[in-house]
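# Reading the structure
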Amino acid sequence: MLLHAQIEANKRKTVLLVSVFLLLFVAAGGALGVVLWDNEVMGIVVAALLGVLYVLLMTSQGTQVIMALNRAREIKSEDEHPFLWNTVEAMAIAARVPMPKVYIIDDPSPNAFAAGMKPENAAVAVTTGLLERLNRQEIEGVIAHEVAHIQNYDVRLATTAIALVAVIGVLSDMALRWLWWGGGRRRRRSERSGGAEGILYLVALVFLLVAPLVAMFVQLAISRNREFLADASGAELCRNPGALASALRKISAVPEPVQAASRTCAALYISDPTKRQRRFLGTLLSTHPPVEERIRRLEQMM
Amino acid sequence: MTLWIPLGVAALAVVYWIAQYNALVRLRNWIEEAWAQIDVQLKRRYDLIPNLVETVKAYAKHEQETLQKVIEARNRLLAGGRAEQLEANEQLTGALKTLFALQEAYPDLKAHEGFNKLQEQLEGTENKIAAARQLYNRTVMQYNTKLESFPSNLVANVHGFKRVEMLEIAAAEREAVRVEF
């Protein structure tokens, strides 16, 4: 498949996934309304308000929050790490984005990620392990992958997804707490008008219980899809798909997880920093596509 | 009533025309912006070389020929057209490679902090030039494609947009990536 077609296909998939996400979000709001106030519109309004609030919060200080969560420290001048600094700047030039801020995480396990709501306030973080274990071409490949995430607005999508998952979790939590404290005994429309409304109430309740799980699956599917695209456009930026492939091979060969990595941010990293081995529901639950498949696609670009 | 149809079509055509014109202007500006990035790095190299030459002179007195080549290429860095500048830059890169190889013969040079820093900076500028050139060529390709395809070529012709040449890539460089899966 041509790179261009690959990008288009990825964009379509992302639109689909985000739509599913929003539907899920609205449905969770409606369900909350049915359970709590016997009024689905009210629930949707509450959900929308919470969602907007949370996303706004992430927009205004997302980058700093995420960097702090992963214990990354910023390097502010070229002198602190000339090679890293120059490589980030070169890849940003090739991608026509402003130079992102550069962060280093003190951790021997090689990995990297990008964060930010838009290219103007984006940042790239790499671990000291990455700088030590990979050669220069491989590091350049990794940086190219991260800058490609910034260029494609993947970082915004990922950050928004994290926020929405969190809000759906809050909605579900609200409903469960309310039930726990005995709120369900009030006289309802359902009792006056017979069984159909009662069934709706039950369905809404069950839906609220599973919604956080489904939301997590969707979030993971979004992040998996974006990895292939970032690999492809990253390889184009550094003009060296082989280096990126061998970087992925080295990163995934290290069994130690990134200790400093926050679990909520795992999907942001170039390769799963938690190094969890999954047999049950493996593909559905992983934050990244299988490394072998990513390497195979990169090698076909050579 | 039937008057509305041709009027609507004309309005659409005007909107399309404006959009195409703006897209062409944007691409042309992007090309210049990419060149500006290259230019910044060429100037940086131009400024870094004298320091490097002084440092090397102090440790490796008998390497006049190598130094001469570096200085000669450096002096042509900011002169002439874009193609000439980049050719001078390629010669500079080649000469620098020989120069940096000298550190194997002169341990004092190899241990010199300033020398290492200069080497790092010069290699950094080289990578940035390569990145900016790639951006330049990619943008030129988009621009030229728009210039030649129908119907945006009509807009380009009327407003006098000219074809832009790509910056040639020397055979010695990494070969271009084949963008296919």
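Residues numbered from 1 in each chain as written. Chains lettered and ligands numbered in written order. Predicted model: local features only at pLDDT ≥ 70, side-chain atom pairs only at ≥ 80, totals over all residues.

## Observations concerning the overall build of chain B
Our working rule: Each helix is a run of H or I in the DSSP string that is no shorter than four residues. Each strand is a run of E no shorter than two, and both are numbered from the N terminus. Radius of gyration: over C-alpha atoms. The globule rule applied is 2.2 Å multiplied by the number of residues raised to the 0.38 power. Counting other C-beta atoms within 10 Å of each residue's C-beta, where C-beta atoms are placed from the backbone, gives the exposure class: buried for 20 or more, exposed for 12 or fewer, partly exposed between. This entry defines residue contacts through backbone-placed C-beta atoms, with two residues in contact when those atoms are within 7 Å.
Counting secondary structure elements, chain B contains six helices and zero strands. When the helices and strands of chain B are listed from N to C terminus, the series reads α-α-α-α-α-α. Taken against the 2.2 N^0.38 rule, which gives 16 Å for 181 residues, the C-alpha radius of gyration of chain B at 24 Å runs more than 25% over that of a compact globule. Counting all 181 residues of chain B, 25% fall into the buried class. For chain B, restricting intrachain contacts to residue pairs at least 6 apart in sequence, the fraction spanning at least 24 positions comes to 74%.

## Overview of the overall build of chain A
The helix and strand inventory of chain A stands at eleven helices and four strands. Relative to its 302 residues, chain A shows a buried fraction of 46%.

## Quick notes on the environment of A83 of chain B
Residue and element names in this part refer to chain B. As for its position among the elements, A83 is in helix α3 (residues 82-101). Look at A83 and you get exposed, because 11 C-beta atoms sit within 10 Å. When the C-alpha positions of A83 and E168 are compared, they lie 7.7 Å apart, and in sequence the two are 85 residues distant.

## Points about the sheet that holds strand β1 (residues 72-75) of chain A
Residue and element names in this part refer to chain A. Going by this rule: Whether two strands pair depends on DSSP finding at least two bridges between them. Axis lines are fitted through C-alpha atoms, for helices just across the contact stretch, and the angle between N-to-C directions can take any value from 0 to 180 degrees.
Reading across the sheet, the four strands line up as β1-β2-β4-β3 and stay open at both edges, with mixed pairing between neighbours. Lying at the two open borders of the sheet, with one neighbouring strand each, are β1 and β3 (112-115). The average undirected angle you get between the axes of adjacent strands in this sheet is 30 degrees. Sheet topology note: the strand β2 (residues 101-105)/strand β4 (residues 123-127) ladder contains five bridges and is parallel. By the bridge assignment, K101 is partnered in β4 with A123.

## Focus: the environment of V155 of chain B
Among the secondary structure elements, V155 of chain B is positioned in helix α6 (residues 152-158). Sequence separation between V155 of chain B and W17 of chain B is 138 residues, and the spatial gap between their C-alpha atoms is 6.6 Å.

## So, the confidence of the model for chain B
All names here are of chain B. We apply this condition: Values of pLDDT, ranging from 0 to 100, describe the predictor's confidence in every residue of the model.
In this model, chain B carries an average pLDDT of 86, and 92% of its residues clear a pLDDT of 70 or more. In the predicted structure, residues 171-181 sits below a pLDDT of 50 and forms 20 contacts with residues beyond four places in sequence or in another chain. Quick note on the complex model: pTM equals 0.79, ipTM equals 0.81.

## Comments concerning the packing of helix α2 (residues 64-75) of chain B against α3 of chain B
All names here are of chain B. Where we set the bar: Between 65 and 115 degrees an angle is taken as roughly perpendicular, under 35 as roughly parallel, over 145 as roughly antiparallel, and anywhere else as oblique. Note on convention: the crossing is left-handed when the near helix lies turned anticlockwise from the far helix by less than a right angle, right-handed when the turn is clockwise. The nonpolar class holds Ala, Val, Leu, Ile, Met, Phe, Trp, Tyr, Cys and Pro. Asp, Glu, Lys and Arg form the charged class, and all remaining residues, Gly among them, are polar.
Closest axis-to-axis distance for the α2/α3 pair is 8 Å, and the angle between their directions is 160 degrees. On the basis of their axis angle, the class for α2 and α3 is roughly antiparallel. α3 is crossed by α2, and the crossing has left-handed handedness. Residues T66, K69, V70, A73 and R74 of α2 pack against A88, Q91, L92, A95, L96, T98 and L99 of α3. Here the contact of α2 with α3 is built from residues that sort into seven nonpolar, three polar and two charged.

## Points about the environment of K110 of chain B
Of note, K110 of chain B is situated in helix α4 (residues 107-111). When the C-alpha positions of K110 of chain B and A23 of chain B are compared, they lie 51 Å apart, and in sequence the two are 87 residues distant.

## Describing the nonpolar core
Which entries qualify depends on this criterion: In plain words, the nonpolar core is the set of buried Ala, Val, Leu, Ile, Met, Phe, Trp, Tyr and Cys residues that C-beta atoms within 7 Å link up.
Counting residues in hydrophobic clusters, the biggest one holds 99 residues, and the most contacted among them are A28, M91, V124, A125 and L208 of chain A. For this core, the leading source of residues is helix α8 (residues 195-238) of chain A, giving 15 residues. One finds I49, L67, A95 and F115 of chain B within the second-largest nonpolar core, a separate group that totals 14 residues.

## Some thoughts on unusual backbone geometry
The linkage connecting F150 of chain B with the following residue, P151 of chain B, adopts the cis geometry, with an omega of 0 degrees. Its location among the elements puts P151 of chain B in the loop between α5 (113-148) and α6. You will see that Y153 of chain A, though not glycine, has its phi angle at about 65 degrees, which is positive. Along the chain, the position of Y153 of chain A falls in the loop between α5 (136-151) and α6 (154-180). By the C-beta count within 10 Å, which is 17 here, Y153 of chain A ends up partly exposed. Residues other than glycine seldom take positive phi values, yet R239 of chain A does so here, at roughly 55 degrees. Using a count of 19 C-beta atoms within 10 Å as the deciding quantity, one classes R239 of chain A as partly exposed.

## Observations regarding helix α11 (residues 291-301) of chain A
Residues and elements named next belong to chain A. Spelled out, the test is: The arc in question is the one spanned by the directions pointing from the helix axis to the C-beta atoms.
Three or more residues of α11 are buried, namely R294, I295, L298 and M301. Relative to the axis of α11, the buried residues are bounded by an arc of 110 degrees and lie together on one face. Every exposed residue of α11 that faces more than 90 degrees away from the buried side is listed here: E292, E293, R296 and E299.

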